[in-house]
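Structural characterization, general
Residue-level listing of the chains:
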Amino acid sequence: MKLGVVGLPNVGKSTLFNAITGAGAQAANYPFCTIEPNTGIVPVPDERLHVLDEMYHPKKVTPAVIEFVDIAGLVKGASRGEGLGNKFLSHIREVDAIVHVVRCFEDDNIIHVDGSIDPARDMETINLELIFADMESVQKRMEKAQKMIKTGDKKYQIEAELAQRLLTHLENGKPGRTFPCNDEEKDTIKGWFLLTTKPVIYAANIAEDAVSEPEDSNPFVVRVRKAAQEEGAEVLVISAQIEEEIAQMEGDEKAIFLEELGIGESGLDRLVKACYSLLGLISFLTAGEDECRAWTITRGTKAPQAAGKIHTDFERGFIRAEIVPFESLKELGSMAACREKGLIRSEGKEYVMQDGDITLFRFNV
């Protein structure tokens, strides 16, 4: 799963990316510092793996991961190819969701591409460019469907009418993800690969010295929340500068620093977890002396398809899944104790996997 980190130039986007991935994307005080997208694979924080590690002492522990892509800064006119607009739009089209970094701090030493700090305006700038690009795509879809109506196939009439409704919605400055439609229409639109139908998290980037202050005391953050609420998007408040410092610290030093700041976990851990949830992902777990591992699946995945994540033979020859909830294993301390208490369930092909299921697949090929 890919998440695109986007934002106007000089909002702290690449600084945040550096902290997220340790990939060392160049960060400098001028627009278009990031041209080709940098990528980095990030582990999804999961305390359950630490418990399993203590329990099994395996040869290795493998967390679930998410890929982050740092995409070039955007300016007005990107949908017409201004700045690095065409590159931006092609890169963002390839990601599954968007982390939109918004500047919520004053700093005379860091120029703003529009000359002043206004997060709501910045959000609108990027959203409108994505909307303009989508309007062009939907217009082409509608014209193509209208031409095909003469074949007599009713699906083209339905598609043309759907495209017209969506085009009107976009023309009103509203993103595709807020377009009211039924599940069948949603599936059709999904095949159009639009930019504004992608889920979004707004990362409100605050100053270092504002981390310990109440979030609502920052007027910029308040504006971001209000604008995000109108489009049904999530907001996560973070200081990219602080996160970059935290990313360079080791275990104990990091824990002490977080305690001094008065926060339980780093903003990055919160961001990665929020993105994982945003994409509708969960983890099931496998545990043993060789490896303890978190496996990524989409919420609603059934047992045979989850088994296929480990190996295609597991899905092809699926017999059953032996499952115990993580909390039960943690409480009793071993699979043997769970078995003794009758807590290990045998589930068949229709079982829908749950987050934190400790699973052993039985198969035969």
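This is a predicted model, so every value here is computed, not measured.

Each value, and the rule that gives it
Residues numbered from 1 in each chain as written. Predicted model: local features only at pLDDT ≥ 70, side-chain atom pairs only at ≥ 80, totals over all residues. Heavy atoms only, no water. Pairing = 2+ DSSP bridges. Helix = DSSP H or I, 4+ residues; strand = E, 2+ residues; numbered from the N terminus. Axes fitted to C-alpha atoms, helices over the stretch in contact; angles between N-to-C directions. Salt bridge = Lys/Arg side-chain N within 4 Å of Asp/Glu carboxyl O. Contact = heavy atoms within 4.5 Å. Patch = residues over 30% accessible without salt bridge, like charges linked within 9 Å, V, L, I, M, F, W, Y side chains within 5 Å. Areas by Shrake-Rupley, 256 points an atom, 1.4 Å probe, with all protein chains shown as cover. Lys, Arg positive; Asp, Glu negative; His and termini not counted. Charge placed at Lys NZ, Arg CZ, Asp CG, Glu CD. Buried < 20%, exposed > 50% of the residue type's maximum accessible area, 1.4 Å probe, protein only. Parallel < 35°, antiparallel > 145°, perpendicular 65-115°, else oblique. Nonpolar A, V, L, I, M, F, W, Y, C, P; charged D, E, K, R; others polar. 1 Å grid on protein atoms, 1.4 Å probe; cavity = no way out; pocket = protein on both sides within 12 Å on 5 of 7 lines; lining within 4 Å. Points joined across faces, edges and corners; volume = space filled by probe spheres on them. pLDDT = per-residue confidence, 0-100. Phe/Tyr/Trp six-rings, centres within 6.5 Å; stacked < 30°, edge-to-face > 60°. Lys NZ or Arg CZ within 6 Å of the ring centre and 35° of its normal.

**Notes on the sheet that holds strand S1 (residues 2–6)**
A sheet is described by the order of its strands in space; here six strands give the open sequence S2-S4-S1-S5-S6-S7, paired in mixed fashion. At either end of the open sheet lies a strand with only one pairing partner, and these are strand S2 (38–43) and strand S7 (234–238). Each strand axis lies, on average, 25° off the axis of its neighbour in the sheet, ignoring direction. Bridge analysis of strand S6 (residues 200–205) against S7 gives five bridges, and the strand direction is parallel.

**Some remarks on the pattern of salt bridges**
Tallied over the full model, the rule gives 20 salt bridges. Between Glu215 and Arg225 there is a salt bridge, with its nearest N and O atoms 2.4 Å apart. Of this pair, Glu215 sits in the loop between S6 and helix H7 (219–230) while Arg225 sits in helix H7; the two residues are 10 residues apart in sequence, bridging distant segments of the chain.

**So, the environment of Ile297**
Mapped onto the elements of the fold, Ile297 is located in strand S9 (residues 291–298). Sequence separation between Ile297 and Gly280 is 17 residues, and the spatial gap between their C-alpha atoms is 8.6 Å. Leave out the neighbours within four places in its chain, and Ile297 touches Gly280, Leu281, Ile282, Phe284, Ala306, Lys309 and Met353.

**Description of a negative patch on the surface**
Taken together, Glu208, Asp209, Glu213 and Glu245 make up a surface patch of like negative charges. You can see Glu208 is positioned in the loop between S6 and H7. Among the residues examined, Glu208 registers a relative accessible area of 39% and is labelled partly exposed.

**Some details on the packing of helix H5 (residues 154–171) against helix H6 (residues 183–190)**
It is the contact of H5 with H6, at a shortest axis distance of 11 Å, that shows an interaxial angle of 80°. Our classification of the angle between H5 and H6 gives roughly perpendicular. Contacts between H5 and H6 involve Leu162, Arg165 and Leu166 from the first element and Glu185, Thr188 and Ile189 from the second. Considered class by class, the residues forming the contact of H5 with H6 number three nonpolar, one polar and two charged.

**Describing the layout of surface pockets**
Computed from the structure, the largest pocket encloses a volume of approximately 820 Å³. Lining the largest pocket we find 21 residues, and of these Asp96, Lys190, Thr197, Lys198 and Pro199 sit closest to its centre. Element by element, the count of residues in the lining of the largest pocket is highest for H6, at three residues. When the residues that make up the lining of the largest pocket are grouped by side-chain class, the tally is 11 nonpolar, three polar and seven charged. Looking at the second largest pocket, its volume works out to about 690 Å³. What lines the second largest pocket is a set of 28 residues, and nearest its centre among them are Pro43, Pro45, His50, Lys254 and Asp269. A class-by-class count of the residues in the lining of the second largest pocket yields 16 nonpolar, three polar and nine charged.

**Quick look at the confidence of the model for the protein chain**
Of the residues in the protein chain, 89% reach a pLDDT of 70 or more, and the chain-wide mean stands at 86. Scored below 50 in pLDDT, residues 23–35 makes 39 contacts in the model with residues more than four places away or belonging to other chains.

**Structural notes on the packing of aromatic side chains**
In total, this model carries four aromatic pairs according to the counting rule given. For the ring pair Phe284 and Trp295, a centre distance of 6.3 Å and an interplane angle of 15° mean the geometry is stacked. Note that Phe284 is positioned in strand S8 (residues 281–286) and Trp295 in strand S9, a separation of 11 residues in sequence. One exposure class covers both Phe284 and Trp295, and it is buried. Sitting over the face of the ring of Trp295, Arg293 holds its NZ or CZ atom 3.8 Å from the ring centroid.

**Description of the pairing of S1**
Burial analysis of S1 places four of its five residues in the buried class, which makes it a mostly covered element. Both S1 and strand S5 (residues 97–103) contribute to a ladder of four bridges, which runs parallel. What sits directly across from Gly4, in S5, is Ile98.

**Thoughts on helix H1 (residues 13–21)**
Counting buried positions along H1 gives nine out of nine residues, so the element sits mostly inside the fold. Considered for burial, the residues of H1 that qualify are Lys13, Ser14, Thr15, Leu16, Phe17, Asn18, Ala19, Ile20 and Thr21.

**Details of the pairing of S5**
Here is the key point about a regular strand: its side chains alternate between the two faces of the sheet. Most of S5 is tucked away: seven of the seven residues are buried. Burial of the side chains of S5 extends over both faces: Ala97, Val99, Val101 and Arg103 are buried on one face and Ile98, His100 and Val102 on the other. Note that S5 and S6 share six bridges and pair parallel. Bridging from a neighbouring strand, Val101 pairs with Ala203 of S6.

**Let's talk about the packing of helix H8 (residues 240–247) against helix H9 (residues 251–261)**
Angle between the axes and distance between the axes are the two parameters that describe a pair of packed helices. Contact geometry of H8 with H9 gives a least axis separation of 10 Å together with a crossing angle of 150°. Classified by the angle their axes make, H8 and H9 are roughly antiparallel. Across the interface between the two elements, Ile242, Glu245 and Ile246 from H8 touch Lys254, Phe257, Leu258 and Leu261 from H9. Looking at the contact of H8 with H9, its residues break down into five nonpolar, no polar and two charged.

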